[in-house]
Every structure is written in structure tokens, then in C-alpha cells.
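# Coordinate inspection notes
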Amino acid sequence: MNYFYPMFSNRITQLFGIEVPIIQAGMIWASGWKLASAVSKAGGLGIIGAGSMYPDTLREHIQKCKAATTKPFAVNVPLLYPDLDKHIQVIIDEGVKIVFTSAGNPKTWTQHFKQHGLTVVHVVSSSKFAIKAQEAGCDAVVAEGFEAGGHNGREETTTFVLLPVVSGAVQIPVIAAGGIATGRQMLAAMVLGAEGVQIGTRFVASEEASSHAAFKQAVIHAGEGDTQLMLKKLTPVRLLKNKFFQEVQLAEARGADEAELKQILGRARAKLGMYEGGLEEGELEIGQVSALVKDILPAGQIVQDIWEEFTAALQHPLAKEPQKVP
């Protein structure tokens, strides 16, 4: 598929060397090289999610992504994960130019990345952390609201509140995340101060996502209220409701401590649900905006549809016609 966009430029497109400021989130068990390269080829920024990969697996995905596209792509690295130094060395050795960090202190590794010529973006859930990321030398921040899937901020601040607060607190560009799947939502985020959007859930329901087909079907059949933030005594995570969710909910209601919750969570629970298709016993991380996602499409088409709806909404922002969910 050939993609053509009228000239658009802002600090985010310039920072990453991309055509449209649409960024695919780095998600565990969903965002391998096939998804990242498809989004990048479509003019956005694809991201390989390193959180579910061993270092050698990450190297393989980076190499395959480089072979699949000459366009820019990034790697997401959760800073609290084991073997972090090995992951970072792979990223540097393979010549990756852009890294998104999350779930940790940006001070720890940002300058190391910068010394090797990388562009660094950090995911934050508050203006306090956005300021810290700016002070650490990050080139941009992702302001991720409470609506987002997966691991979430403890503050539970929604995107509509978080964006203007963060945008007013830092001078570096802000990327919006959490609850965004359409072009009209993208426009709303940019009106509130964002210069780009990071989208996860919509790309889970793409042909190139590495998540299990059964999980993709669960996502497109989700409705309002079918996700909820859980495991707040450990690391808050937004989950699709299933048998595992109910088990955690009952445990938390009776006051289960961290040790019991860790025992219930066990190991590889997210892999079981999202990668292997264990829809009842697995951990199904997905955002609230799954209620708007109704089909599985090629990732490139998703990028193009979102951009076309964004530009149409920009011309007629108060139009009452129904939203098209790409």
C-alpha cells in the first residue's frame, strides 16, 4: 500500500523524522517487528515492545524491523524489568535511534542513551514526573491518562485533565496517550496541548499485532465498563474482565496483601492471556477505548484512517456526524 499525506510538520514529526504524529505504543506480547515496521512504513512511528522479550529476542526483532523498513522506528524499555542493562546494550549495538522508557526513573539511563546519540522519550502519569523527565534530559514525554491499558499511574488522572497540566508544566513536546483510537480523539488531544498521540489498544486489534487472535476478538467485542484498574497494591494495571480478573477482585475485596496478590498473579500470566489466548485464566491488558474498536485491520490502514479523520475533524471540528472508528 502506498501512503501519501499532505505536508505536516510539528516538533514531534521533526523529532522522529516521521510524516504524521501517530505513534504505536510499545505493548508486551503485541508489538513485535511486524507491527512496528507496518506503522513506520505507513508514516507513523512504530515501536517494538521490549518488555516481553529476552535480549536475544529483542535483537532479532530489531534486525527484522530494520530489514522490513528504512523508516524510523523505536524500542520501548520498561526500566524496572530484569536484564535491563542487556536490553539497553542490544538497543545501542543495533543502532536504534529512538527509545521510549517507562515504569522507572528516567535519570538512571537517559544520559547514557543521549551519549550514544539516541532520542529519548519517557512515559509519565503526572506533571511532577514530566518535569523530572525534562530535567533528566528527555526529548519528549508521553502523558498517559488513566484510561490507558496495561500498567498505569497510581494518580488515576484522566487524559483530559493530564494533558493540559503536563503541557503547561514542561517545554519539551508532549505526546498524548490513553483513550485514543480515532482521529477526532487525536484532534481533541492536540487541542489540549499534545503534539502527537501514542495509541495502543487500536493497534492490538491489527493484523500485524503479535497478540493471539482470540485476544484480538475479545478486544473488539469489549464494551463500556469491561475494563478496570486492578492490582493497585502491586503495580496498577487495567485489565479486561474475565475469570482471573474476578479472582483478583475478590481477593482485593477481602483485603489480600501484596504476598497473596503476587501468588494469585503467578508467572507469565500476561503471556498466557494475550499471547497464548487463555482468555479466562490469563491477564488481558487493554484500554477503555476498546469499547470503540470494532474490527481488526492492517496497521497501515489504521494509521491512514486516523489521519484522514483527524484532518476532516480539523476542518469541521463541530460536525455532528458519527465518528468513524478505524
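This write-up is about the structure you can find in this document. Not measured: the values here are computed from a predicted model.

### Some words on the overall build of the chain
For the chain, the helix and strand inventory stands at 14 helices and 11 strands. Taking 326 residues into account, the globule formula puts the C-alpha radius of gyration at 20 Å, and the chain, at 18 Å, falls close to it. Oriented by its inertia axes, the alpha-carbon framework of the chain measures out at about 55 × 50 × 40 Å. Counting the 326 residues in the chain, one finds 55% classified as buried. At a minimum sequence separation of 6, the contacts of the chain that also span at least 24 residues come to 64%. For the chain, the accessible surface area stands at approximately 14,100 Å², while carbon and sulfur atoms represent 53% of it. Within the chain, one finds 30 positive and 33 negative side-chain charges whose respective centroids are separated by 2 Å.

### Points about the side chain of Thr69
Its place among the elements puts Thr69 in the loop between α3 (55-68) and β3 (73-78). There is a polar contact of 3.0 Å between the side chain of Thr69 and the backbone nitrogen of Lys71. Every residue in contact with Thr69, bar those within four places of it in the chain, is listed here: Ser37, Ser40 and Lys41.

### Looking at the sheet that holds strand β2 (residues 46-49)
Taken in spatial order, the 8 strands make up an open sheet running β1-β9-β8-β6-β5-β4-β3-β2, and their pairing is parallel. The strands lining the two open edges of the sheet, one partner per strand, are β1 (22-24) and β2. Adjacent strand axes in the sheet meet at a mean angle of 25°, parallel and antiparallel pairs treated alike. As defined by bridge partners, β2 adjoins β3 across 4 bridges and the pair is classed as parallel. Looking across to β3, one finds that Ile48 is bridged to Val75.

### Looking at the environment of Lys132
Mapping Lys132 onto the fold places it in helix α6 (residues 127-136). A C-alpha to C-alpha distance of 14 Å links Lys132 and Gly168, two positions 36 residues apart in sequence.

### Examining the packing of helix α8 (residues 183-191) against helix α14 (residues 299-315)
Closest axis-to-axis distance for the α8/α14 pair is 7 Å, and the angle between their directions is 60°. If you check the angle between α8 and α14, you find them oblique. For the element pair α8 and α14, the recorded crossing hand is right-handed. Seen from α8, the contacting residues are Gly183, Arg184, Met186, Leu187 and Met190; seen from α14, they are Ile306, Trp307, Glu309, Phe310, Ala313 and Leu314. The residue inventory of the contact of α8 with α14, partitioned by class, reads 8 nonpolar, 1 polar and 2 charged.

### Re the environment of Met53
In this fold, Met53 is placed in the loop between β2 and α3. Counting along the chain gives 232 residues from Met53 to Glu285, while the straight-line C-alpha distance between them is 17 Å. What Met53 contacts, discounting residues up to four positions off in sequence, is Ser31, Gly32, Ile48, Leu58, His61 and His87.

Conventions adopted
- Residues numbered from 1 in each chain as written.
- Predicted model: local features only at pLDDT ≥ 70, side-chain atom pairs only at ≥ 80, totals over all residues.
- Heavy atoms only, no water.
- Helix = DSSP H or I, 4+ residues; strand = E, 2+ residues; numbered from the N terminus.
- Rg over C-alpha atoms; globule rule 2.2 N^0.38 Å.
- Buried < 20%, exposed > 50% of the residue type's maximum accessible area, 1.4 Å probe, protein only.
- Contact = heavy atoms within 4.5 Å.
- Areas by Shrake-Rupley, 256 points an atom, 1.4 Å probe, with all protein chains shown as cover.
- Lys, Arg positive; Asp, Glu negative; His and termini not counted.
- Charge placed at Lys NZ, Arg CZ, Asp CG, Glu CD.
- Polar contact = N/O pair within 3.5 Å; in protein donor to acceptor, adjacent residues only side chain to side chain.
- Pairing = 2+ DSSP bridges.
- Axes fitted to C-alpha atoms, helices over the stretch in contact; angles between N-to-C directions.
- Parallel < 35°, antiparallel > 145°, perpendicular 65-115°, else oblique.
- Left-handed = near helix turned anticlockwise from the far one by under 90°.
- Nonpolar A, V, L, I, M, F, W, Y, C, P; charged D, E, K, R; others polar.

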